[in-house]
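Now for the letters of each chain:
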Amino acid sequence: MQLLKNLFSKPLSTQLTVTSSNGFHLRPVARFTALAKSYKCDVTATFNGKTVDAKKVNTLLSLSLEKQDTFTLTTQGKEAQQALTSLQTLFKTLMQDDIEVTTIQKKSAHYTSKTLEGDIIAKGVAVAPATGYKTETIQHENSLTFKEAIENTLQNLEKKSKQSDIYLAQKELLLALSEKCDSLESLETLMNEESNALKETKLSSKITDYQDILQQVKTALGLEVKVLFPEHAFILLANDLLPSEITLLVSTQVEAVVLKETSIHSHTAILLRASGITSLIADTSKIPLEKEIIVDSIAGVVVLTPNSEDIQKAKTLQKQTKEQKAHSATKRFEPATTSKGKQIKVFANVGDIESAKAAKEEGAEGIGLLRSEFLFKSTRPTLETQTKAYAEIFDAFDDITVRTLDVGGDKALPYLHIPLEDNPFLGIRGVRLFRTHPEILEEQLHAIFVASQGKKIKVMFPMVSTVEEFNKAKSFAQDVAKKHTIDVSNIAFGIMIEVPSVLFQIELFNDAVDFYSIGTNDLTQYLFAVERTHPLLKVDELSPVVFLALESVVKQATKPVSICGELAANSDAIEKLIHLGLTTLSVSPKSIAQTKERIRHV
Ligand code: PEP
Ligand code: MG
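Residues numbered from 1 in each chain as written. Chains lettered and ligands numbered in written order. Predicted model: local features only at pLDDT ≥ 70, side-chain atom pairs only at ≥ 80, totals over all residues. Heavy atoms only, no water.

Enquirer: So what's going on with the packing of aromatic side chains? Which residues, and what values?
Expert: Inspection of every chain in the model, using the stated rule, returns 11 aromatic pairs. Note on Phe-32 and Phe-91: the rings are 6.3 Å apart at their centroids and 85° apart in plane angle, and the pair reads as edge-to-face. Residue Phe-32 is found in helix H2 (residues 26-36), and its partner Phe-91 is found in helix H4 (residues 80-97); the two are separated by 59 residues along the sequence. Here Phe-91 falls in the buried class, since its relative accessible area comes to 1%. For the pair Phe-229 and Phe-234, a centre-to-centre distance of 6.1 Å together with 25° between the ring planes defines the contact as stacked. (Phe/Tyr/Trp six-rings, centres within 6.5 Å; stacked < 30°, edge-to-face > 60°. Helix = DSSP H or I, 4+ residues; strand = E, 2+ residues; numbered from the N terminus. Buried < 20%, exposed > 50% of the residue type's maximum accessible area, 1.4 Å probe, protein only.)

Enquirer: Explain the sheet that holds strand S2 (residues 42-47) to me, and be specific about the residues and the numbers.
Expert: Sheet strands pair via backbone hydrogen bonds, and the direction of the pair is either parallel or antiparallel. Spatially, S1-S4-S2-S3 is the arrangement adopted by the four strands of the open sheet, whose pairing is antiparallel. Here the strands that pair on one side only, and so sit at the sheet edges, are strand S1 (12-17) and strand S3 (50-53). Averaged over all pairs of adjacent strands, the angle between strand axes in this sheet comes to 25°, irrespective of strand direction. Bridge analysis of S2 against S3 gives four bridges, and the strand direction is antiparallel. Each bridged residue has a counterpart across the sheet, and for Ala-45 the counterpart in S3 is Val-52. Taken strand by strand, H4 contacts S1, S2 and strand S4 (70-76), and its axis lies near 5° from that of S1. (Pairing = 2+ DSSP bridges. Axes fitted to C-alpha atoms, helices over the stretch in contact; angles between N-to-C directions. Contact = heavy atoms within 4.5 Å.)

Enquirer: Give me empty space enclosed by the protein: which residues, what numbers.
Expert: Empty space among the atoms can be located by rolling a probe the size of a water molecule over them. In the structure shown here, the tally under the stated rule is one cavity of 30 Å³ or more. Around the largest cavity, the lining is made up of 13 residues, and of these Arg-371, Arg-403, Met-496, Glu-498 and Asn-521 lie nearest the centre. Every element with two or more residues in the lining of the largest cavity is listed here: strand S17 (367-371) and helix H18 (520-528). Among the residues making up the lining of the largest cavity, the classes are represented as three nonpolar, three polar and seven charged. (1 Å grid on protein atoms, 1.4 Å probe; cavity = no way out; pocket = protein on both sides within 12 Å on 5 of 7 lines; lining within 4 Å. Points joined across faces, edges and corners; volume = space filled by probe spheres on them. Nonpolar A, V, L, I, M, F, W, Y, C, P; charged D, E, K, R; others polar.)

Enquirer: Quick rundown of the packing of helix H12 (residues 353-361) against helix H13 (residues 383-396)? Include the residues and the values.
Expert: At their nearest, the axes of H12 and H13 sit 10 Å apart, and the two run at 5° to each other. With respect to H13, the axis of H12 lies roughly parallel. Contact residues: H12 offers Ile-353, Ala-356, Lys-357 and Lys-360, while H13 offers Ala-389, Glu-392, Ile-393 and Ala-396. Along the lines of polarity and charge, the residues of the contact of H12 with H13 split into five nonpolar, no polar and three charged. (Parallel < 35°, antiparallel > 145°, perpendicular 65-115°, else oblique.)

Enquirer: Run through helix H8 (residues 207-220), naming residues and quoting values.
Expert: The end-to-end C-alpha distance of H8, which contains 14 residues, comes to 20 Å, matching closely the 20 Å that a straight helix rising 1.5 Å per residue would cover. For H8, the buried fraction is high: 12 of the 14 residues fall into the buried class. Of all the residues in H8, the buried ones are Ile-207, Thr-208, Asp-209, Tyr-210, Asp-212, Ile-213, Leu-214, Gln-215, Gln-216, Val-217, Lys-218 and Ala-220. Within two residues after H8, Gly-222 carries a phi angle of roughly 100°, on the positive side. (Expected span 1.5 Å × (residues − 1).)

Enquirer: With reference to specific residues and values, describe the coordination of the magnesium ion (ligand 2).
Expert: For the magnesium ion (ligand 2), the full set of protein donor atoms is Glu-498 (OE) and Asp-522 (OD), at a range of 2.0 Å. Remark: Asp-522 occurs in helix H18 and Glu-498 occurs in the loop between strand S20 (491-497) and helix H17 (506-510); sequence separation between them is 24 residues. Assessed through its relative accessible area of 2%, Glu-498 is described here as buried. The buried category is assigned to Asp-522, whose relative accessible area is 1%. (Donors = N, O, S within 2.8 Å, 3.2 Å for Na, K, Ca; no water.)

Enquirer: Which residues make up the pattern of salt bridges, and what are the values?
Expert: According to the stated counting rule, one finds 25 salt bridges in the structure shown. A salt bridge links Lys-331 to Glu-597; the shortest N-O distance between them is 3.8 Å. Here Lys-331 is found in helix H11 (residues 308-331), whereas its partner Glu-597 is found in helix H21 (residues 592-600), with 266 residues between them in sequence. Assessed through its relative accessible area of 19%, Lys-331 is described here as buried. Residue Asp-522 is joined to Arg-429 by a salt bridge in which the shortest nitrogen-to-oxygen separation is 3.1 Å. Of the two residues, Asp-522 sits in helix H18 while Arg-429 sits in the loop between strand S18 (400-403) and helix H14 (433-436), which places them 93 residues apart along the sequence. The residues Asp-522 and Arg-429 share a single accessibility class, namely buried. Within the structure, one salt-bridge network assembled from shared partners comprises Glu-373, Arg-403, Asp-406, Arg-429, Asp-522 and Arg-532. (Salt bridge = Lys/Arg side-chain N within 4 Å of Asp/Glu carboxyl O.)

Encoded structure:
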C-alpha cells in the first residue's frame, strides 16, 4: 500500500513549448485547464522560476507565455500519468489549431478630405453619423445572493460557450476567480488586481474579458449597465467594447465600429470579425461626433469631414463590395469547372454538425471527410448520441465520407487510457485503436450503420499501413453489421492514405478498397519524419516529394482517389493537383468559395 502511495505521489513532468504566435492566451488556456481539472491529481506549470496551479485559468495566464517560451508541466497524484499524456497532446493540438491573426493589408484610397489612419479589424465601407458610446445604469430589484449570481452567470456563459470558445474562457476565468471571493466587492478587488497585472503585457487586450465578467455578475445582482444605441444607422465610436456587447450590436443599425484601445487579437475584435461588422482601430478622440463620416476599413481610414465627392466615392465602393460578396456567394453554389471544361468536385472537411450545415451554406457538394472525433470529446458518447449526430449529417448531403475515430498522436481523449508512448505519432493512432479499444469502434460502426438507413455512405479508416490491417478492419465492420442484422451493402469501405508504406502497395489495395482519400497533413509528416506540430521543424507542403507521392497514387489507383489534406485548399497547389488527375478536393468550409474560384482559373 505504502509502495503504491509513493508511486502515486511521484511527480511526472514534461516540457512544452508555445508555438503559436498568439502565445498561450485565454481561449486555449481555458480548454487546457478544463481538461486538467478532470483529473484526480495536482497539475502545475513552471516558467521562469514561477510555479502556478495549471487547473486555474487566471494563474496559468499569469505566466504570460509567449511564442517560443518553454514551460514545465508537472502532474502528481493518482491520475498523474493519464493527465500528463492527455494535457501534452491537447496542448500540441491547441497550438496547432490556434490561427495566427495577422495584420490585414490595406488597399490605397483617394479621398480628397482629411483622413485618419487606423488598423483594420474587419473589412468594409460605411457612411453614417458618428455616435459616442453611451450607457445607462439601471438598478433592478435583486433577490439573488452573491453565490447565486455567480452560479447564474456561469450557467449563462456555459450556454453561450456553444457559440464561441471566448465564453468558455470567460466561464473558466470566473470559476477560478470566484472561488476565492465571498462578495461582489472582493471579486471586484481581485479582478482589478489581476487585470492590472496584465497591463503592458501581450495579454492586455484580455482585460476587457475581466470587465465583461464583472459586469455580467453585477447584472445578475440587479445592477444593469445598458448600452444606448441610436434608432437609425450609425457608426459607433468607443474606447473599447466588451465582448458581450458585440452580441447586442448585431441587432442594431450599426454600420461600422471604430475602437481606440483594442487590438486585432482581442476577443472584441474576433467577435466583430465573426459578425462581419466593418471595424477599425483608430484614435476616436480625433473624430467629430454626430457628423456624417466615412469608415473605409478596406483602406484602413476614417474620412473625418467628407465632402460630397468623397461620400459618392465611398457609397460606390460600398455598393461594389456588397455586390462582390453577393456574386461570390451565389457563385459558390455553382460547380467548379476549369477553363478547359473539366469539372472538379469541391467537398468539405467537417468536424461537427454545425460545420456540416455551414458547409452546405458555403457551397460544398458533399463531405469528403467527416472527422468523427468531435463526438468523443470529454466523455464517451452513447450509441444514441452518435446515431443521432451521424443521421443529422448524413441527411445534409448525398455524398458523404465518414472517418472512424482517429485519436492518438496529437489527438488525445481523457477517458481513453492509451499508455504513455515515447513516439505517440508512431503509436496507437487511428485504425490501430482496433487492437486496444475494439468496443469503441464497434459502437461507432454500429451507430454509422444505423444512421445510414440504406443511404450510400463511405466509411474510411485512418492510419492504415497494410492491406491486412484494412481487411481486418473491414471484416470487423462486417461482423458488427451481422451481429446487429444490418445490411451494409450500401456502405463503401476505403482508406486515408497517410502512411508512406501505402504508396508502395496501391496495386494490392486496389483489390481490397472501394476508394482512397489522401491525407497530406499526415502523409507529409511521415514522408519527412517531421512531427506536424513540431515547434521548430517545418516541411514545405509544396515540396516536389509530396507531389511525386500523389502522382504515384493517382497513376496506380484503379479506385476513386480524392484529397482531403490542407494542400487541397492551397491556391499554389490546386493547378498541379488537377493536372495530376485529381477530380475531388475536400477542403474546410471557409475555403470552398475560393477553391472553386481558383479551379475556374486553371
Ligand atoms: C490528413 O492527415 O491530411 C488529414 C486530413 O487528417 P487529419 O488532419 O485529421 O489528421
Ligand atoms: Mg490525418
